Each structure stands twice: as C-alpha cells, then as structure tokens.
Amino acid sequence: MEHVVPRRSPAPPLKLLQVLEPSGGGSGRHFLDLCRGMHKRGHHVEAVYSPVRAEEGFVRELKAIGLPAVHAVNMKRAPGPSDFGRFLELRRIMRASSFDIIHGHSSKAGALTRLRLPGSHVPRIYTPHAFRTLDPTLGRGGRLIYGTIEWALARFFTDHLICVSDDEFHHALSLHMPEKRMSVIVNGVAPPSCEMAQTLRASFGIAPDAFVFGFVGRLSAQKAPERLIAAFKSVAASVRNSHLVMVGSGELEGDLRKAIAESGLQNRMHLTSAFTGPQAVPAFDLLVMPSRYEAMSYVMLEGAAAGKAIIATDIGGARTVIEDDRNGYILPNSDDTSALTKTMIQAAEPETFKALSASAENLKDRFTLAVMLDRTEALYQKAASKRQTVDLLQSTR
C-alpha cells in the first residue's frame, strides 16, 4: 500500500487522540489512514480501539504505525451497562495527556468521547461513518430514538462533525444538526497495489482469465452480503467462467458459509479474511456493493482508485463515485436480487465490460488521501486555535 509522503505542518504539532469502536471495515481504514498520516506529518497521535470486534489485520497494521501509545478499550457496539466502565476508562486516557483534539469515530466511540460536563474542554470532533438512522431497516421508533440521541450529542457536546459525503451531510441536516459546526470531508485513498492480486487468485485456484466479481466489507446486515450470494447463484449459470470472492469477517460469517456450502458452488464462491481491501480489489474484475446503507464507503473509493467498474445499490456516496452506465451501475436498494443478477450478467458481457473498464480507468484519480488529510488537519488546527483563544480570554478576565 502506498503511504502518505510526510510533510512539515505549517503550524505547531498537535496532540491528537483518535478513538474507534468497530476496529475494522471502512471506518477502520479511515482510522488507520488518519493515524498514519497525522503521525507522519509530525503530530503526536495516540489511538484507542476496541478488541471486541477488531479484525486481526487492523490491529496488526495499527500497531505497526509506531504511534506513541495504542490503547485497547473493550467498547461494545450495543448500548449496555458496560458503557459506564468504558466511559471512565476513556476519561482516564483523555486526562493522562494534554490533548489538543479528541476525535471519535462511529456512534459508540463518538458518544463515549463526547459526553462531558459543561465548561472548558478539549475540542471534540466526531465522524459518524454512517449514522445509524441511515439504515432503511430501522423502524420509526428506532429512528426517533437514535436520531434524538445523535441530535442531542451534536447540539450540546460536539465542536465539529465531519460528514464523509454530501448524502450524509444532508441526512444530518434532516436530523436538525447545527450546520455551522459540520463539514464534508470525503474519504481519500492511495491507489491500491497490484502485487497481491495474483496471490489472491492463486489461493483459490482461480484462473487468470476467469471473471471475478468481488465484495469487500464487514459481513453484517448493513453490507447485505447475502444479497450477493443469492444473485451469484443465477449469475454463475450465465457467466460460466466466473467466480465470486468475498473479503471480510463479521457476525454473518457462519450463515454465509452455510449458504455457500448449500449452493453447490463452493468451487466458485470464496470467502476469506486473509486479505485487506486494498490488497483484494486489484484482483477483481468488477466490484459489487449490495449494501443497505453507507455514508461514503472506503471500499467504493478503493475500487474507483483501482480503476474498477462498480455495481452498487443507491447508497450514500454512490452518486459521488459512480456515473451510472459509465463506470458502473447504481441499483434500487432492495432485497429483491433480480435487478442485481441481471446487472451483474450484463456488466460481464465482453463489450459492456470493456467500455465500463475504460471509463473507470479514466476516472480513477478523483479522490486522494492527501486531500483528505489536508482538510482534516486544517480543521484540527482551527479547532485547537479557537480553544486556545477562548482559554486565553478566560485567563485574562
């Protein structure tokens, strides 16, 4: 993977605390890029992650960055009594160093890092990586509860909220969050390296000339991997030299492995967590994203940066990355997989695939990691400077 080139920051280095609960997937990718990028730019960066849902590769990569400190706090996704203990643990970490910025990622870490008493405080930045209320399967009551919590935290406890797509920003506005304390910073990626592509294919005995549909993501209801397995059962009969490679881990892994075993296509459907997204995407011919909801998927950006055509449901960020019928297709967000099946078959037709791939190659340089880091760093500096000004005014009264 290509890393960010270090550069000297125009302002003094900051002390940053980055906190994440999911410890994997797209939010994990962003977290690692942010920690590594800010560390290479000369800032003091400490990281907090949760081992509960941590992917092995994420932990290995985080520890390899060489940060001054990496803290493990057993945060759980679902709300519960253990949250009080985790809150106290995080507070001890936050108080142990004089941080300039505390940046919480995802709903649980975002809530635990932002809760505080009124008054002078270290600026709290929050990146949701897809609000829970974006989930179309969430009932009216659930949307009211989660929406009210997110609104209250944004209104009373957040110095700045970063949305990763225009779709997420407009959703936040619909929840009546304060527009003046929000901004859009689209995730950025370095072009994926192709060095592992042949290794991935060879590990499953996939021939070089086979057509590979690929999926990368947490094996969860949000990512809807079962939709793709259902669709590929029909696709396999039409696109005879095709394989499906799914890269990820999560709570649905057992069910998915059972579905693959029962399909009779065990030699053409492959599920693994041995590769990262940037390692896997270059091995695909076409990336498929059947998610139920997203804010701005890192996988989508990695696919675009690799020059891959993409099929995705109409999720957050899809219309930012995909020009429908040019470098991919945007489909209705439905559990009826007939449209997905039809589109996968269509996209694999030689002439169609050639045209899609040519367009994807031409559009691959639109989202860079350096731009994301520049904009985030500028936001950190502004928030830290504002706090210093407030503290100075209070001390002179």
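Up top is the structure.
The paragraphs below set out a description of the structure included in this document.

Rules used throughout
Residues numbered from 1 in each chain as written. Predicted model: local features only at pLDDT ≥ 70, side-chain atom pairs only at ≥ 80, totals over all residues. Heavy atoms only, no water. Core = buried A, V, L, I, M, F, W, Y, C linked by side-chain atoms within 4.5 Å. Buried < 20%, exposed > 50% of the residue type's maximum accessible area, 1.4 Å probe, protein only. Helix = DSSP H or I, 4+ residues; strand = E, 2+ residues; numbered from the N terminus. Contact = heavy atoms within 4.5 Å. Patch = residues over 30% accessible without salt bridge, like charges linked within 9 Å, V, L, I, M, F, W, Y side chains within 5 Å. Areas by Shrake-Rupley, 256 points an atom, 1.4 Å probe, with all protein chains shown as cover. Salt bridge = Lys/Arg side-chain N within 4 Å of Asp/Glu carboxyl O. Phe/Tyr/Trp six-rings, centres within 6.5 Å; stacked < 30°, edge-to-face > 60°. Lys NZ or Arg CZ within 6 Å of the ring centre and 35° of its normal. Pairing = 2+ DSSP bridges. Axes fitted to C-alpha atoms, helices over the stretch in contact; angles between N-to-C directions.

1. Details of the nonpolar core
For step 1, the next point in the chain: Counting residues in hydrophobic clusters, the biggest one holds 62 residues, and the most contacted among them are Phe 58, Leu 62, Phe 284, Met 300, Ile 310, Val 321 and Tyr 380.
For step 2, the next point in the chain: At 7 residues, the largest contribution of residues to this core is made by helix H15 (residues 369-395).
For step 3, the next point in the chain: Those residues in contact with Tyr 380 that lie beyond four places of it in its chain are Leu 14, Leu 16, Gln 18, Leu 34, Met 38, Ile 101, His 103 and Ile 125.
For step 4, the next point in the chain: Core analysis: the next-biggest nonpolar cluster, separate from the first, contains 30 residues, Phe 215, Ile 260, Ala 309 and Met 344 among them.

2. Section: a nonpolar patch on the surface
For step 1, the next point in the chain: The grouping of Ile 145, Tyr 146 and Ile 149 at the surface amounts to a nonpolar patch, some 270 Å² of accessible area in total.
For step 2, the next point in the chain: Here Ile 149 lies in helix H5 (residues 140-157).
For step 3, the next point in the chain: Residue classification places Ile 149 among the partly exposed residues on the basis of a relative accessible area of 44%.

3. A word on the packing of aromatic side chains
For step 1, the next point in the chain: Taken as a whole, this structure holds 6 aromatic pairs when the rule is applied.
For step 2, the next point in the chain: Among the aromatic residues, ring-to-ring pairing joins Phe 211, Phe 213, Phe 232 and Phe 353 into one connected group.
For step 3, the next point in the chain: Between the NZ or CZ atom of Lys 15 and the centre of the ring of Phe 99, over which it lies, the distance is 5.9 Å.
For step 4, the next point in the chain: Positioned over the ring face of Tyr 126 is Arg 114, at 3.6 Å from the centre of the ring.

4. With respect to the sheet that holds strand S7 (residues 182-184)
Adjacent strands of a sheet pair through backbone hydrogen bonds, lying either parallel or antiparallel.
For step 1, the next point in the chain: Taken together, 7 strands build an open sheet; the order of strands is S3-S2-S1-S4-S5-S6-S7 and the sheet is parallel. Both edges of this open sheet fall to strand S3 (69-72) and S7, since each of them pairs with a single strand only. The sheet shows a mean angle of 20° between the axes of neighbouring strands, direction not considered.
For step 2, the next point in the chain: Examined bridge by bridge, strand S4 (residues 101-105) and strand S5 (residues 124-127) share 4 bridges and lie parallel to one another. Bridge pairing in S5 links His 105 to Thr 127.
For step 3, the next point in the chain: Packed on one face of the sheet, helix H2 (residues 56-64) meets strand S1 (15-20), strand S2 (44-49) and S3 and runs near 160° to S2.

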